[in-house]
Amino acid sequence: MSPSDKTLADRTYRQLRGDIVNGRLAASSKLKLEALAQDYAVGMSPLREALARLMGDLLVVSEGQRGFWVAPLSLDELDDVSRVRALIETEALNAAIRNGDANWEREVTAAFEALAAVEEHLPHTSDALPPEQLETWEARNRAFHAALVSAAGSPMLIKLRDLLYQQSERYRRVSLNVSRGWRNVHDEHRAIYDATMQRNALRACRMTELHLARTAEEVRKAMATLAEDDDRISGGKA
């Protein structure tokens with residue numbers, strides 16, 4: 001692959017990954033190469049390279065010569081991803097609290113304050129957030145959780161953690177389209193931050209486990225609601 005194709009493959013990979021995680025490319029949908037090449041303004045060689053990398057991220061699946069699909073979503077996988085992410089996230093956080101220095105503390109504090117600046121102004125309702133505000137919150141939420149574990153001292157642990165975060169974000173986005181009760185996620189993040197700054201690894205990890213469990217339960221309820229809606233639509237067409 002030429003350097004220019006490599007650059008195109010990297011760009012296409014990032015764009016496709018974002019569109020899959022955000023739900024713009026729906027779960028289980030067929031990825032038609034000709035349409036993708038046109039939509040993303042890319043040739044077949046870098047496109048296939050990008051799809052191969054997405055398969056490594058578990059975001060795309062392939063069935064022999066039949067082509068590519070966006071990976072499906074399922075309650076069983078949600079439970080599996082949530083359980084394993086909690087294990088990896090808390091292991092990384094425990095290591096970061098043990099290894100982190102003053103610079104790490106400053107980075108975590110800066111990330112928390114940036115996130116808090118958005119969360120403190122979130123409406124206390126179940127209404128969907130405006131897209132721009134949602135994307136800002138997503139970016140700062142991602143940065144905060146990444147900063148917490150950044151001093152773990154294990155590149156492999158961080159790589160696994162990032163993969164699981166990406167999978168979790170994809171599931172979590174599902175719940176954003178379903179009305180749900182208001183949740184004070186800022187207080188959850190504050191509890192994790194405070195325990196981390198106090199170097200109380202046991203409490204920080206427990207608060208993280210509860211935070212992830214609440215998120216998983218929200219997604220589970222959202223997926224059940226969407227499944228019921230699909231059943232009603234299918235029944236109405238019968």
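Residues numbered from 1 in each chain as written. Predicted model: local features only at pLDDT ≥ 70, side-chain atom pairs only at ≥ 80, totals over all residues. Heavy atoms only, no water.

J.: Explanation requested: the packing of helix 5 (residues 102–119) against helix 8 (residues 185–197) in the structure shown.
T.: Packed helices, taken two at a time, are described by their axes: the angle between them and the distance between them. Orientation of helix 5 relative to helix 8, taken along the N-to-C sense of each, is 165°, at an axis distance of 11 Å. One way to sum up the angle between helix 5 and helix 8 is to call them roughly antiparallel. Classified by chirality, the crossing of helix 8 by helix 5 is left-handed. From helix 5, W104, E105, V108, T109, F112, L115, A116 and E119 reach across to helix 8, where they touch V185, H186, H189, R190, Y193, T196 and M197. Along the lines of polarity and charge, the residues of the contact of helix 5 with helix 8 split into 8 nonpolar, 4 polar and 3 charged. (Axes fitted to C-alpha atoms, helices over the stretch in contact; angles between N-to-C directions. Helix = DSSP H or I, 4+ residues; strand = E, 2+ residues; numbered from the N terminus. Parallel < 35°, antiparallel > 145°, perpendicular 65-115°, else oblique. Left-handed = near helix turned anticlockwise from the far one by under 90°. Contact = heavy atoms within 4.5 Å. Nonpolar A, V, L, I, M, F, W, Y, C, P; charged D, E, K, R; others polar.)

J.: Teacher, can you tell me more about the pattern of salt bridges here?
T.: Pairing of side chains with opposite charge becomes possible as their charged atoms draw close. Counted according to the given criterion, the structure contains 17 salt bridges. A salt bridge links E89 to R85, with the shortest nitrogen-to-oxygen separation between them at 3.2 Å. On the criterion of helical spacing, the pair formed by E89 and R85 is a turn pair, its members being 4 residues apart in helix 4 (residues 75–99). Here E89 matches R85 in class, with each residue buried. (Salt bridge = Lys/Arg side-chain N within 4 Å of Asp/Glu carboxyl O. Buried < 20%, exposed > 50% of the residue type's maximum accessible area, 1.4 Å probe, protein only.)

J.: Could you clarify how one ought to interpret the packing of aromatic side chains in this entry?
T.: Ring pairs (aromatic) are described by centroid distance and by the angle formed between their planes. Evaluation of the coordinates by the stated rule reveals 2 aromatic pairs. A ring pair is formed by F112 and F144, whose centres lie 5.7 Å apart and whose planes are at 55°; its orientation type is tilted. Here F112 is found in helix 5, whereas its partner F144 is found in helix 6 (residues 131–149), with 32 residues between them in sequence. Among the aromatic side chains, those forming a connected cluster through ring pairs are F112, F144 and Y193. Positioned above the aromatic ring of W69, the side-chain terminus of K30 is 4.9 Å from the ring centre. Over the ring of Y13 we find R53, and its NZ or CZ is 3.9 Å from the ring centre. (Phe/Tyr/Trp six-rings, centres within 6.5 Å; stacked < 30°, edge-to-face > 60°. Lys NZ or Arg CZ within 6 Å of the ring centre and 35° of its normal.)

J.: Whenever I open this one, the layout of surface pockets confuses me. Can you help?
T.: Which parts of space are left empty comes out when a probe the size of a water molecule is rolled across the atoms. In this structure, the second largest pocket spans a volume of roughly 230 Å³. Forming the boundary of the second largest pocket are 14 residues, of which R17, V21, R142, Q166 and E169 lie nearest the centre. Every element with two or more residues in the lining of the second largest pocket is listed here: helix 1 (3–21), helix 6 and helix 7 (155–175). In terms of residue count, helix 7 provides more of the lining of the second largest pocket than any other element does, 6 residues in total. (1 Å grid on protein atoms, 1.4 Å probe; cavity = no way out; pocket = protein on both sides within 12 Å on 5 of 7 lines; lining within 4 Å. Points joined across faces, edges and corners; volume = space filled by probe spheres on them.)

J.: Quick question: what am I supposed to make of the side chain of T215 here?
T.: Residue placement: T215 occurs in helix 9 (residues 201–237). Setting aside anything within four residues of it in sequence, one finds T215 in contact with R172 and R183.

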